[in-house]
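For reference, the chains in residue letters:
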Amino acid sequence: MKSIVILISGRGSNMEAIVRACTTEAWPARIAAVISNRPGAAGLDFAAQHGIATAVVDHKGFASREAFDAELQRVIDGFSPDLLVLAGFMRILTPAFTAHYAQRMLNIHPSLLPAFTGLHTHARALEMGCKFVGATVHFVTAELDHGAIVAQAVVPVIAGDDEASLSARVLKLEHRMYPQAVRWFVAGKLAVSEGVVRHIDGEAQAFS
């Protein structure tokens, strides 16, 4: 039985999708805790209602990023996770933190990486005239929005799209893709070689 800890900063809709999939699909795993850097994060209520332990490590109470990450790591490790999942966790993590969870920390980013790292991905894609946008699940490294790609979802840009409409369509696919990627990890189906992730049974890693 694998132990999963999820980090959020807000509502955590991807966290909700993962929690529901873990339960309904009877994964050989449990969501051990949901942790937020914001005391008022709405996702904490959802987790508590589903019997999941919650914790808050407020980044505002620390003088440096390193001090915050050290305390966050202490709290996370209290739940002995096999996998750490970032689900809308809006903090840049230090190299020491990412090294500690190397190859066992996943993130989802709302673009087709390596394009449009950082914020405002859909607005930037529209400005560039992109014909497709999407989302990427990847292992987390010290370099922001980099790391071996586990899965990607592709969404076409249609006439009249704006940032909000694109974001909504991409998020819908995120809620399918991210739980699947986490399930692959839990089941030991992911192999990483020279920075490339493959599903050991050849299952498709692209969603649309």
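Residues numbered from 1 in each chain as written. Predicted model: local features only at pLDDT ≥ 70, side-chain atom pairs only at ≥ 80, totals over all residues. Heavy atoms only, no water.

Moving on, we get to the pairing of strand β2 (residues 29-36). In the case of a regular strand, side chains alternate between the two sheet surfaces. For β2, a buried count of seven out of eight residues is recorded, marking the element as mostly surrounded by other parts of the structure. Bridging between strand β1 (residues 2-8) and β2 involves seven bridges; their strand directions are parallel. Within β2, the position partnered with Ile 6 by the bridge is Val 34. (Buried < 20%, exposed > 50% of the residue type's maximum accessible area, 1.4 Å probe, protein only. Helix = DSSP H or I, 4+ residues; strand = E, 2+ residues; numbered from the N terminus. Pairing = 2+ DSSP bridges.)

This next bit is on the layout of surface pockets. A volume near 960 Å³ is recorded for the largest pocket. The wall of the largest pocket is formed by 39 residues, among which Gly 88, Met 90, Ile 108, His 109 and Pro 110 lie closest to the centre. For the lining of the largest pocket, the element with the most residues is helix α6 (residues 163-186), which contributes five residues. (1 Å grid on protein atoms, 1.4 Å probe; cavity = no way out; pocket = protein on both sides within 12 Å on 5 of 7 lines; lining within 4 Å. Points joined across faces, edges and corners; volume = space filled by probe spheres on them.)

Moving on, we get to the pattern of salt bridges. Applying the stated criterion to the full structure yields six salt bridges. Note that Lys 189 is salt-bridged to Asp 201, the shortest N-O span being 2.7 Å. Within this pair, whereas Lys 189 is found in the loop between α6 and β8 (190-193), its partner Asp 201 is found in the loop between β9 (196-199) and β10 (206-207), the two being separated by 12 residues in sequence. (Salt bridge = Lys/Arg side-chain N within 4 Å of Asp/Glu carboxyl O.)

By the definition in use, this model includes four aromatic pairs. An angle of 40° between the planes, with centres 6.2 Å apart, marks the rings of Trp 184 and Phe 207 as tilted. Highlighted residues: Trp 184 in helix α6 and Phe 207 in strand β10, separated in sequence by 23 residues. Both residues of the pair, Trp 184 and Phe 207, count as buried. The ring of Phe 68 has Arg 91 lying over it, and the distance from NZ or CZ to the ring centre is 5.1 Å. (Phe/Tyr/Trp six-rings, centres within 6.5 Å; stacked < 30°, edge-to-face > 60°. Lys NZ or Arg CZ within 6 Å of the ring centre and 35° of its normal.)

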